[in-house]
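# Structure assessment
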Amino acid sequence: MDPRRGVLHQTTVDSIALPQKTFHTTTIAGSKRPHAEPDASSSKKATPFQRASVLRSGPPELRASAIAVVDPAAAPQLPERSQRPAAPPPPTATADRSLLLSFPRYGLPDALVANLRALGIREMYPWQKQCLLGPGLLAGTRNLVYTAPTGGGKSLVADILMLKRVLHDHDAKALLVLPYVALVQEKVRWLRNVVQGIKRPPAAGASASGESLWRRRADADSVRVVGFFGGGKIRATWSDFDIGVCTFEKANALINTAIDDCTVTKLRAVVLDELHMVDDDHRGYLMELIATKLLSLEHDVQIVGMSATLSNIDILSRWLDAHIYSTVYRPVPIDEYLVHDSGIYPASSTSGLLRAASQLASDSGASQLQSHAVRTVQPSAHKEFQDPVLNAVVALAAETAREGYGALVFCSKGCESDARLIARVLRDASSDDPAALEKRLDLLAGLRSLSTGLDPTLAETVASGVAFHHAGLTTEERDMVADAYDSGALKVLVATCSLAAGVNLPARRVILHNARMGRELVGPSMLRQMRGRAGRKGKDEVGETYLCCRGTDLEDVIALMRAELPEISSGLTTERHRIQRALLEIIAIRLANSRDSIQDYIQKTLLSLSASPDTVHARVEGGLQDLVDMGFVQSDDSGYSYTATKLGQAVVASALEPEDGAFVHREMQRALRAFVMDGEMHVLYMFTPIHNLSLTINWRVFRSEMENLDDSGLRVMIFLGLKPTQVNTMAQGGSLKETTPEEKETARIYHRFYLALQLRDLCNEMPIHLVSRKYDTPRGAVQTLAQTCQGFAAGMMKFCEKMNWGAMAAILDHFSDRLNAGAKSDLLALAKITFVKSRTARVFYDNGFKTVAAVANADPRELVPVLMQAQPSKVRLKAEDEDKYEEKLLAKAKVIADSANRLWQIEMQQQLYEE
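Summarised in this report is the structure supplied together with it. (Residues numbered from 1 in each chain as written. Predicted model: local features only at pLDDT ≥ 70, side-chain atom pairs only at ≥ 80, totals over all residues. Heavy atoms only, no water.)

## Some thoughts on the overall build of the chain
For clarity, the threshold we go by: In DSSP terms, a helix is any run of H or I states spanning at least four residues, a strand is any run of E spanning at least two, and both are numbered starting from the N terminus. We call a residue buried when its accessible area falls under 20% of the maximum for its residue type, exposed when it is over 50%, and partly exposed in between, using a 1.4 Å probe and counting protein chains only. It only takes one pair of heavy atoms within 4.5 Å for two residues to be counted as in contact. Accessible areas in this description were obtained via Shrake-Rupley with a 1.4 Å probe; residue shielding takes into account the shown protein chains only.
On a plain count of helices and strands, the chain comes out with 37 helices and 22 strands. Counting over 915 residues, the chain shows a buried share of 53%. In the chain, the proportion of contacts linking residues at least 24 apart, taken out of those at least 6 apart, comes to 75%. Of the roughly 41,000 Å² that the chain leaves accessible, carbon and sulfur atoms contribute 51%.

Structure representation (structure tokens):
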């Protein structure tokens, strides 16, 4: 049989080894033909290829280096599934009925089984069955800690256990705790599909006819899945959801509220995903606080913890009193390679990759190993590719894309630069199909229709099937890029390492551009996260990872490959504010108020298993004394019992760190003595976030904005202790001292005021992309600031309510609405409509659509010209692309009209009730 035909799966190694002819081609109307010079002829009707070629204008096209097989006869035929070492295939449902989701022992409702089947899950893997049948797990009487590789099906086990608890009891609640907002949003969409149409049994004691019409919710019997992240003006309660999908911060706040108001008894299951992050340097300790509070409750809550990178799972099992399960099964096997000095060296396992790196580290080994290279990346004649690492990255990514597979390239910086170079080598459309190009044109039209406009780098790369993904993009841009890659419209995605854990986007080939992320070497956990993205179940038979290593980093790579996963320990062992927060929370919510109950709580922490008793005792005593000194708690005369002060309760209610709470209190007290009310700057400053102020200030921009402040704004600066002379000094190259606590607090105020200037512009309808350009800040960072401020403002309102500062809370409430709308007060009603924010709302207002009713009664086609006016830039498009662009705007106009209709109906109903 011709090796190029009749093979169900052909690997990149196999395909490059086959004899191939090379042609320079041009594509006309979807056909390829060899030629010597470009053909100037064109058809009258533009095809997707021709339309894409217009979009591919830019720097000259580059050619990726060839990747040559060193010895085709000796090269191992690894990736072919049939050529792997013989191993018995895993059992299937035909051989083992217990792998079926409908197997009676699991007790899953037929509707749930049907929904999972519709989503492509018909049966379990054997390891999932073995894990679920562990002692007491299906009954909910035992906790579980388990580990499985990325892509091995971890989530299904947790989903089944969580859904069993929620569906068994009508009043049961469950929380799923995830580290990132993107994961929360993705999981909410998934779970809503899983529970769609499922009805829970009626509540115990309910009559056949049900409750009174006036007391019964329309969705009382359905399973409500709600995502919690960022901030909200309304405090969430258990009555708002059945399954809450939360970030660490929101889950901790929800549990604090539920314990404080005694509604936590409805909680039946809590799933802690990415459990290895419990000792994360920044936020992981919140997971320890969540679990320890649950362990301290007197009613049963099933805790399920899972991760792909757990080392000392035994200590976590002892901490959570949990059953352990561990597997290394992956449905899609991964082949690993080390790329060094243009040589590609195979490794069927991590130890094999280590041996390759070790041999390369020695002079004699380097010469001997050259003959062991499977392939070599040929040098490039282009000056852009003189760096061998970059040359290898581009060649590997281009090879994958040309064969029709997806590639993920991880790098610490230079995502956009890598994307441009890869796009330039893929600019030839001969390997693309019309459907893919049509999707890319759709993506460009969608990106262009956003309020931020089309990013110039994406405009250059998307038509070639390449994009980048990092925090500098807005949330909408990142979502659209990720969806396009997941659908296959994009073939190469260049991303920062955060994507490895933040979004579920597997690839046929994962390429690590250098072993370092910034100055630091990637850690073993992050390395496994990135490599674990290789292999797309249902689309690929195999995954491939390539670690491209610089010669200077070779020894570090050897150490990295030798390194085991770091052992998990308590995050409460470092930084005093963490143990302070743990103690303040349990005292404020009255979970523990005496020394004995505090000691019982501490014994249930991971800290008690990670540190010596003397260390634990010293930290607890020091933490309690700090809280007393800061005015957050007070003790009785004997020092045996503790109660939270009003200030301590305010800090917990607003979900602040103790040190941050003390800073906010000082700032609020100063504002209450003299609040500047004849302008916006003071109130905007008050709900500017106080955490993550490590941004770089452009002092020249700061000076320019300061010079343009009115008298009110200047008074705010002086009142806060900021000196115009200091700003001038910094703009001329001076340095801001941060040695003493007082200097650090002053620097914090400068940073906060700089952010407040950005918020002022956002509240006054300046689009995100213009704010980004003005302050020399990535668009994604500006958007994140606006979103974070909404959450922080909600926390500040709770702080003021607890402190009985009602007037300040009312002021913050109003400006919170303006910040959410990105508009002035006259546009707040319009800004409630989906897609109508900031500049778009102003354009609607200026065109006569001044009320929600006016928008609701408009034909969507009437709104398209208005949306065209609201675009950030006017782009000249060819006729075909303009039609596509208008289709996108018409679809958006229909959503706007529907949203306005719903809001208008609510307004009408309220008027009727009032009458």
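Past the structure itself, the notes keep going.
## Focus: the pairing of strand β5 (residues 173-178)
On any regular strand, side chains alternate: one points to one face of the sheet, the next to the other face. As a reminder, the rule being used: Strand pairing is assigned whenever DSSP identifies at least 2 bridges connecting the two strands.
In terms of residue burial, β5 counts as a mostly covered element, since six of its six residues are buried. Alternating positions in β5 separate into two faces, K173, L175 and V177 on one and A174, L176 and L178 on the other, with burial throughout. Taken together, the five bridges between β5 and strand β8 (residues 267-272) define a ladder with parallel strand orientation. Each bridged residue has a counterpart across the sheet, and for A174 the counterpart in β8 is A269.

## Describing the side chain of K187
For K187, the position within the fold is in helix α6 (residues 181-194). In this structure, K187 is in contact with S155, D159, L176, L178 and V245, ignoring residues within four places of it in sequence.

## Quick notes on the sheet that holds β8
Let me state the cut-off plainly: In this analysis an axis means a line fitted to C-alpha atoms, helices contributing only their contacting stretch, and an angle means the value between N-to-C directions, from 0 to 180 degrees.
The strand order across the open sheet formed by seven strands is β6-β7-β5-β8-β9-β4-β10, and the pairing between neighbours is parallel. The sheet is open, and its two edges are formed by β6 (225-228) and β10 (322-326), each paired on a single side. The sheet shows a mean angle of 15 degrees between the axes of neighbouring strands, taken without regard to direction. Summarising the sheet, β6 and strand β7 (residues 243-247) pair through four bridges and their orientation is parallel. The residue bridging F228 from the neighbouring strand is C246, located in β7. Sitting on the sheet, helix α7 (residues 248-260) is in contact with β5, β6 and β7, with an inclination near 125 degrees to β7.

## Section: the packing of aromatic side chains
For any pair of aromatic rings, the description rests on two quantities: the centre-to-centre distance and the angle between the ring planes. Put simply, the rule reads: Classification of ring pairs uses Phe, Tyr and Trp, with its six-membered ring standing for Trp, and accepts pairs whose centres are within 6.5 Å; under 30 degrees between planes counts as stacked, over 60 as edge-to-face, and the remaining range as tilted.
One pass over the full model with this rule turns up 15 aromatic pairs. Between W699 and F702, the ring centres sit 5.4 Å apart and the planes meet at 0 degrees, which makes this aromatic pair stacked. A residue pair is termed a helical-turn pair when its members lie 3 or 4 positions apart in one helix, as W699 and F702 do in helix α27 (residues 699-707) at three residues. Residue W699 shares its accessibility class with F702, and that shared class is buried. Arranged with centres 6.4 Å apart and planes meeting at 65 degrees, the rings of F702 and Y750 form a pair that is edge-to-face.

## Points about the pattern of salt bridges
We count it as follows: Put simply, a salt bridge is a Lys or Arg side-chain nitrogen that is within 4 Å of an Asp or Glu carboxyl oxygen.
This structure, assessed with the given rule, holds 32 salt bridges. Across the salt bridge formed by E621 and R595, the nearest N and O atoms sit 2.6 Å from each other. You can see E621 sitting in helix α23 (residues 613-629) and its partner R595 sitting in helix α21 (residues 595-603), a full 26 residues away along the chain. Residue classification places R595 among the partly exposed positions, given a relative accessible area of 30%. One network of salt bridges, in which partners are shared, links K173, R200, R224 and D242.

## Regarding the nonpolar core
Using the following cut-off: The set of buried Ala, Val, Leu, Ile, Met, Phe, Trp, Tyr and Cys residues whose side-chain atoms join them within 4.5 Å is what this entry labels a nonpolar core.
In this structure, I598, F753, F799 and L812 are the most contacted members of the largest nonpolar core, which totals 125 residues. Here the element with the most residues in this core is helix α30 (residues 741-763); it accounts for eleven residues. Residue contacts for F753: discarding those within four places in its chain leaves M681, Y685, F702, L709, G713, V716, M717, L720 and L722. Counting 71 residues, the second-largest nonpolar core is a separate cluster that includes Y337, V377, L512 and M517.

## Some points on the environment of T292
For T292, the location among the structural elements is in helix α8 (residues 285-296). Under the relative-accessibility criterion, T292 is labelled buried at 0%. Residues T292 and A582, spaced 290 residues apart in sequence, show a C-alpha to C-alpha distance of 9.6 Å. Not counting chain neighbours up to four residues away, the residues in contact with T292 comprise W319, Y601, K604 and T605.

## What about the side chain of D626?
Here is the rule: What qualifies as a polar contact is a pair of N or O atoms within 3.5 Å, subject to a donor-acceptor requirement within protein and to the restriction that residues adjacent in sequence count only when both atoms come from side chains.
For D626, the position within the fold is in helix α23. In terms of polar contacts, D626 uses its side chain to reach the side chain of R576, at 2.5 Å. The residues contacting D626, other than those within four sequence positions of it, are R576 and Q580.

## Some thoughts on the packing of helix α14 (residues 434-448) against helix α16 (residues 475-487)
Selection criterion: Angle categories: roughly parallel below 35 degrees, roughly antiparallel above 145, roughly perpendicular from 65 to 115, and oblique for all the rest. Here the nonpolar group is Ala, Val, Leu, Ile, Met, Phe, Trp, Tyr, Cys and Pro; Asp, Glu, Lys and Arg are the charged ones; every other residue, Gly included, is treated as polar.
It is the contact of α14 with α16, at a shortest axis distance of 11 Å, that shows an interaxial angle of 175 degrees. The angle between the axes of α14 and α16 places the two elements in the roughly antiparallel class. Two secondary-structure elements touch here, α14 through K439, L443, G446 and L447 and α16 through E477, M480, A484 and S487. When grouped by side-chain class, the residues that make up the contact of α14 with α16 number four nonpolar, two polar and two charged.

## Points about the environment of S772
For S772, the position within the fold is in helix α31 (residues 768-775). The buried category is assigned to S772, whose relative accessible area is 10%. Expressed as a C-alpha distance, the spacing of S772 and G472, which sit 300 residues apart in the sequence, is 9.9 Å. Filtering out sequence-adjacent residues up to four positions away, S772 remains in contact with T777, P778, R779 and V782.

## Some details on the packing of helix α24 (residues 646-653) against helix α32 (residues 779-802)
As a reminder, the rule being used: Put simply, a crossing is left-handed when the front helix is turned counterclockwise from the back one by less than a right angle, and right-handed when it is turned clockwise.
At a minimum axis distance of 8 Å, the contact between α24 and α32 shows a crossing angle of 160 degrees. Between α24 and α32, the interaxial angle falls into the category roughly antiparallel. As for how α24 packs across α32, the hand of that crossing is right-handed. Residues K646, L647, Q649, A650, V651 and A653 of α24 form the contact with α32, whose participating residues are K798, F799 and K802. Its residues placed into classes, the contact of α24 with α32 shows five nonpolar, one polar and three charged.

## Let's talk about the environment of L709
Residue placement: L709 occurs in the loop between α27 and α28 (711-720). Since its relative accessible area comes to 11%, L709 is described here as buried. Residues within four places of L709 in sequence aside, it is in contact with M681, L714, M717, F753, L757 and R760.

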